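The residues making up each chain are set out below.
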Amino acid sequence: MEQRGGCKAWRERRCWFAFMVVLDVLWSGAFAQIRYSISEEVEDGTVVGNIAKDLGLDKSALKDRGYRIVTGSTEPLFHVNQNDGILYVKRRIDREEVCERTSPCLIQLKTVLENPLEIHYVTVEILDINDHSPVFPEKEKRLEISESALAGARFQLQAARDSDVGQFSIQQYKLSHNDYFRVEVKDRGEDRKVPFLVLQKQLDRETAGKHKLRLTAVDGGKPAKSGNIEIIVDVLDVNDNSPVFNKELYSATLNENVPVGTVVIQVNATDLDQGANGEIIYSFGNEVDSKLMDLFSIDANTGEIQVTGPIDFEKSRIYEIDIQASDKGPAPLTTDKSVLITVIDVNDNAPEIEVTSFSSSIKEDSKIGTTVALISVSDLDSGINGKVICTINEDVPFTLSPSLQENMYAVVTRSELDREIISQYYVTIVAKDAGDPLFLTEKTIKVVISDVNDNSPEFSSSPYTFYITENNKPGALVFSVKASDRDESDNALISYHILRDGRGNKLSSFLNINSENGDILALKSFDFETLKTFHFHVVASDSGTPSLSSNVTVNVFILDQNDNAPVILYPLSSNGSAEGVEEIPRNVNAGHLVTKVRAYDADIGYNGWLLFSLQEVNDHSLFGLDRYTGRIRTLRSFTETDEAEHKLVILVKDNGNVSLSATATVIVKLVEPKEAFAASDVKSSAKADEENNVTFYLMITLGSVSALFLISIIVLIAMQCSKSTDYTSKYLQETNYDGTLCHSIQYRSGDKRYMLVGPRMSIGSTIVPGSHANTLVLPGRRRTSEEPKAPNADWRYSASLRAGGVMQSSVHMEESSVMQGAQGVLVQNWPTASSAADGEGGEVSPPMGAGVDSNSWHFRYGPGGPGAPPQHLKPGEVPPEAFIIPGSPAIISIRQNQGGEDDKSDFITFGKKEEAKKKKKKKKEKKDKKDKGKDDGDE
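Residues numbered from 1 in each chain as written. Predicted model: local features only at pLDDT ≥ 70, side-chain atom pairs only at ≥ 80, totals over all residues. Heavy atoms only, no water.

Asker: Break down a nonpolar patch on the surface for me, citing the residues and quoting the values.
Answerer: On the surface, a cluster of nonpolar side chains totalling about 340 Å² of accessible area is made up of Val-567, Leu-569, Tyr-570 and Tyr-600. No other element matches strand β41 (residues 567-570), which puts 3 residues into the nonpolar patch. (Patch = residues over 30% accessible without salt bridge, like charges linked within 9 Å, V, L, I, M, F, W, Y side chains within 5 Å. Areas by Shrake-Rupley, 256 points an atom, 1.4 Å probe, with all protein chains shown as cover. Salt bridge = Lys/Arg side-chain N within 4 Å of Asp/Glu carboxyl O. Helix = DSSP H or I, 4+ residues; strand = E, 2+ residues; numbered from the N terminus.)

Asker: Mind laying out the sheet that holds strand β24 (residues 352-358), listing which residues take part and the relevant values?
Answerer: Read across the open sheet, the 4 strands follow the order β24-β26-β29-β28; overall the sheet is antiparallel. Each edge of the sheet is formed by a strand with only one pairing partner; in this case those strands are β24 and β28 (398-402). In this sheet, adjacent strand axes meet at a mean angle of 30° when their direction is disregarded. Pairing of β24 with strand β26 (residues 371-378), which is carried by 6 bridges, proceeds in the antiparallel orientation. Looking at the pairing, Val-355 lines up with Ile-375 of β26. (Pairing = 2+ DSSP bridges. Axes fitted to C-alpha atoms, helices over the stretch in contact; angles between N-to-C directions.)

Asker: Provide a residue-level description of the side chain of Glu-125, including the pertinent values.
Answerer: Summarising the element assignment, Glu-125 is placed in strand β7 (residues 118-127). In this structure Glu-125 comes out as buried when scored by relative accessible area, which is 19%. A distance of 3.3 Å separates polar atoms of two side chains, one belonging to Glu-125 and the other to Arg-35. Dropping the residues within four chain positions of it, Glu-125 is found in contact with Arg-35, Tyr-36, Ser-37, Ile-38, Pro-104, Cys-105 and Leu-106. (Buried < 20%, exposed > 50% of the residue type's maximum accessible area, 1.4 Å probe, protein only. Polar contact = N/O pair within 3.5 Å; in protein donor to acceptor, adjacent residues only side chain to side chain. Contact = heavy atoms within 4.5 Å.)

Asker: Describe in detail the environment of Arg-317, supporting the description with residues and values.
Answerer: By the secondary structure assignment, Arg-317 is in the loop between β21 (304-307) and β22 (318-327). For the pair Arg-317 and Val-343, spaced 26 residues apart in sequence, the C-alpha separation works out to 5.0 Å. Excluding anything up to four places from it in sequence, Arg-317 contacts Ile-341, Thr-342, Val-343 and Ser-382.

Asker: Please provide a residue-by-residue account of the environment of Asp-451, values included.
Answerer: Inspection of the secondary structure puts Asp-451 in the loop between β31 (440-450) and β32 (458-459). Judged by relative accessible area, Asp-451 falls into the buried class, the value being 14%. Taking the C-alpha atoms as reference, Asp-451 lies 8.5 Å from Asp-365; in sequence the two are 86 residues apart. In this view, Asp-451 contacts Glu-364, Arg-419, Glu-420, Asp-487, Glu-488 and Asn-491; residues no more than four positions away in its chain are not counted. For Asp-451, the side chain forms a polar contact with the main-chain nitrogen of Glu-488, separated by 3.0 Å.

Asker: Describe the pairing of β21, naming the residues involved and giving the relevant values.
Answerer: Alternating positions in β21 separate cleanly, Ile-305 and Val-307 being buried on one face and Glu-304 and Gln-306 remaining unburied on the opposite face. Both strand β20 (residues 296-298) and β21 contribute to a ladder of 3 bridges, which runs antiparallel. Pairing of Ile-298 across the sheet is with Ile-305, part of β21. In this structure, the hairpin formed by β20 and β21 is closed by a connection of 5 residues, where Gly-303 is found at a positive phi of approximately 80°.

Purely geometric numbers; function is a separate question.
As structure tokens, then:
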């Protein structure tokens with residue numbers, strides 16, 4: 001609706017305008033024109049002029065005639081007062097808006113009066129004021145001028161604009177002070193002045209690549225207004241500079257074996273030019289070897305030299321690389337430079353072991369120091385990384401011997417070899433360097449120990465024991481012997497043979513041995529009943545040079561087979577058959593022994609164990625047979641109805657796996673009692689003759705054995721007496737002793753060993769009391785070279801002979817030997833002297849009331865046996881349990897030391913058992929009291 005209304009109003013205005021034009025044309029004689037002027041930007045309501053007065057119009061008729069200003073679609077700038085005809089400014093007027101740059105700025109107004117119609121034209125000139133400053137289209141202008149531009153070059157700049165006109169428009173341009181540019185203005189009319197930038201001298205981008213200028217436009221107002229623009233002149237580069245490296249010499253160090261991609265060094269070059277002319281590309285020189293290009297690369301943009309291949313110090317220690325720096329100008333400029341890279345060695349190579357000479361086999365009897373192999377070691381590294389230490393494993397009998405040449409060694413034997421213990425060795429040689437980290441190399445060589453014939457064959461058992469069943473098949477294998485030789489090859493090739501010593505061992509002739517495998521064949525069949533055991537010797541020899549051999553005893557036992565049937569010994573008839581007749585009285589009672597069947601079997605064990613059984617009997621209720629003894633007894637009394645004759649068939653069989661048997665027939669006849677007694681007398685006389693013969697043989701055997709026993713005892717006594725006589729000079733070393741030992745017997749009791757001794761004294765001999773001239777010294781086990789020593793001063797009698805003695809223990813023994821006094825008369829059973837403990841001894845005094853002077857008998861006891869050298873021992877050096885003195889009480893006094901301190905076994909009394917027990921009990925009570933008093937004193 002609004003659009004339609006707008007269009008309608010617009011059409012109406014057009015129509016009205018056209019109508020007014022027509023009227024203006026038709027009524028050209030009825031109008032007048034006046035002109036006013038007014039400054040822009042005046043306030044609303046400002047009086048422009050009095051149209052009515054100037055046109056001579058009646059002021060009173062203006063309103064009635066509808067005096068007005070005809071306007072278009074725009075909002076009118078002026079309005080007329082109908083009352084007085086004065087023209088006023090209706091709104092603020094901006095000349096630049098109304099007329100832009102038109103000069104002068106005239107506004108045509110058409111005023112109309114109706115009744116009659118009159119049209120009057122009014123022209124209003126809008127006068128300009130300096131209300132605008134010059135304005136550049138941009139605040140900053142950027143110019144690019146090549147540094148090769150010549151002086152006098154002109155560069156047009158954009159002109160500033162000033163909405164004012166006339167003298168208020170732009171009048172001049174000013175340029176800030178500089179050495180390279182000035183400004184020139186070209187006037188193109190209509191207030192248009194165009195500035196130009198003029199180059200006064202040639203530019204140098206490397207000196208100043210950018211110039212900042214300020215251009216100022218100034219109008220003609222008073223005061224003048226101005227506008228500024230910043231002009232930036234970028235000096236365009238020309239490729240007139242070559243790249244320049246920042247160092248005269250590039251050098252770097254690099255560890256070998258660094259990973260690929262490691263940056264070695266970065267080169268840097270600069271170019272004073274700009275843009276492409278100053279952009280630098282790095283590359284290798286034209287003469288760089290292709291091998292270097294495989295190891296290194298250079299980044300074209302950054303100049304970083306990187307590792308692209310394996311760096312090995314051992315191949316090259318220094319690398320010199322030529323590099324180039326080029327710009328990107330149309331005609332690139334290039335600069336060359338060398339880079340020196342020094343490679344630092346790292347411990348990256350393990351030592352190498354080379355065996356230059358090697359003997360894979362060495363004899364086991366080789367001497368110590370025999371060379372087995374020559375080796376050399378090396379390391380490609382340098383310095384301490386290449387210093388090699390060589391060792392060998394310690395569990396082999398070899399060692400390394402260094403040679404005069406460095407890193408050369410000899411593997412030699414350091415101990416004796418034995419192939420039978422270890423036949424081969426794996427010798428590990430270890431070479432390690434001194435670098436960090438440490439590298440080591442191991443090389444193992446196999447050393448074979450060759451055999452020499454140093455071992456005799458050894459049988460698997462010694463002696464061999466074999467069991468052969470009798471009745472073996474002649475020519476069959478009976479057993480085998482097996483020997484082994486720890487050597488090898490021919491040295492271990494064993495052959496066997498039976499030793500035929502020719503000493504009457506005829507049985508070996510019935511044997512044959514396989515020389516290769518030791519199988520032994522029996523050339524005949526053996527009979528257990530004839531031969532139960534035998535032995536022979538087998539020799540095993542090796543094939544070495546010289547040959548070694550060993551022998552073994554083979555014991556052969558023949559095992560019994562059940563090859564003998566039982567043989568009936570009784571009853572036995574005159575013709576050799578096993579038959580017999582037994583007569584018994586009819587009136588015998590049950591259990592009467594009729595007879596006993598006797599039989600034997602040559603076999604042994606179960607094969608010879610015989611069992612008896614009744615195979616045939618007329619009446620089973622009359623007779624019974626013991627199955628183990630063969631006794632036949634009656635089971636009941638006979639009656640008148642029983643038959644007078646009974647036949648008994650007895651079966652005798654052994655217990656072999658295949659039982660063998662024999663039978664005997666006994667005919668039992670029942671007779672009247674008188675006939676039976678007569679028959680029994682005849683049998684008794686026969687049995688008596690048989691028993692007398694057996695008794696005779698037994699007496700002969702017993703007498704022979706007794707005679708041999710007596711002869712052995714006599715020989716033993718004679719040997720003992722002869723040994724005792726030999727000891728006299730060793731035992732009795734003082735001149736005033738004239739007695740000898742006549743009897744010395746040793747025996748054992750449990751784990752104790754005792755010696756029975758008895759002296760024989762010369763008649764009229766004088767013995768000084770307290771002396772030890774007649775002391776018996778038994779040899780010691782430890783001290784065999786010491787001189788005899790006098791008895792201790794504390795060696796004295798105890799109990800009844802010494803007051804204040806403390807009885808420590810008492811023992812009663814019943815064993816004794818014979819002692820003879822000064823007259824050689826038997827006076828008393830005298831004790832044995834035990835085998836005392838090592839290095840100990842004592843003295844024994846005869847018992848009181850024994851008929852011997854207490855000072856007439858002394859002897860020392862001590863350890864040792866017959867044949868051992870005598871030894872004088874100190875008293876107290878043997879424990880009391882080491883000797884025994886049986887019989888009536890004999891007192892033994894022992895002191896262990898000179899300090900008077902008694903040992904637990906200082907005194908031992910040999911007497912009756914009851915007295916010993918009482919004394920032992922008293923001693924214990926006294927000791928307990930003493931210990932208790934001592935404990936109380938300590939508290």
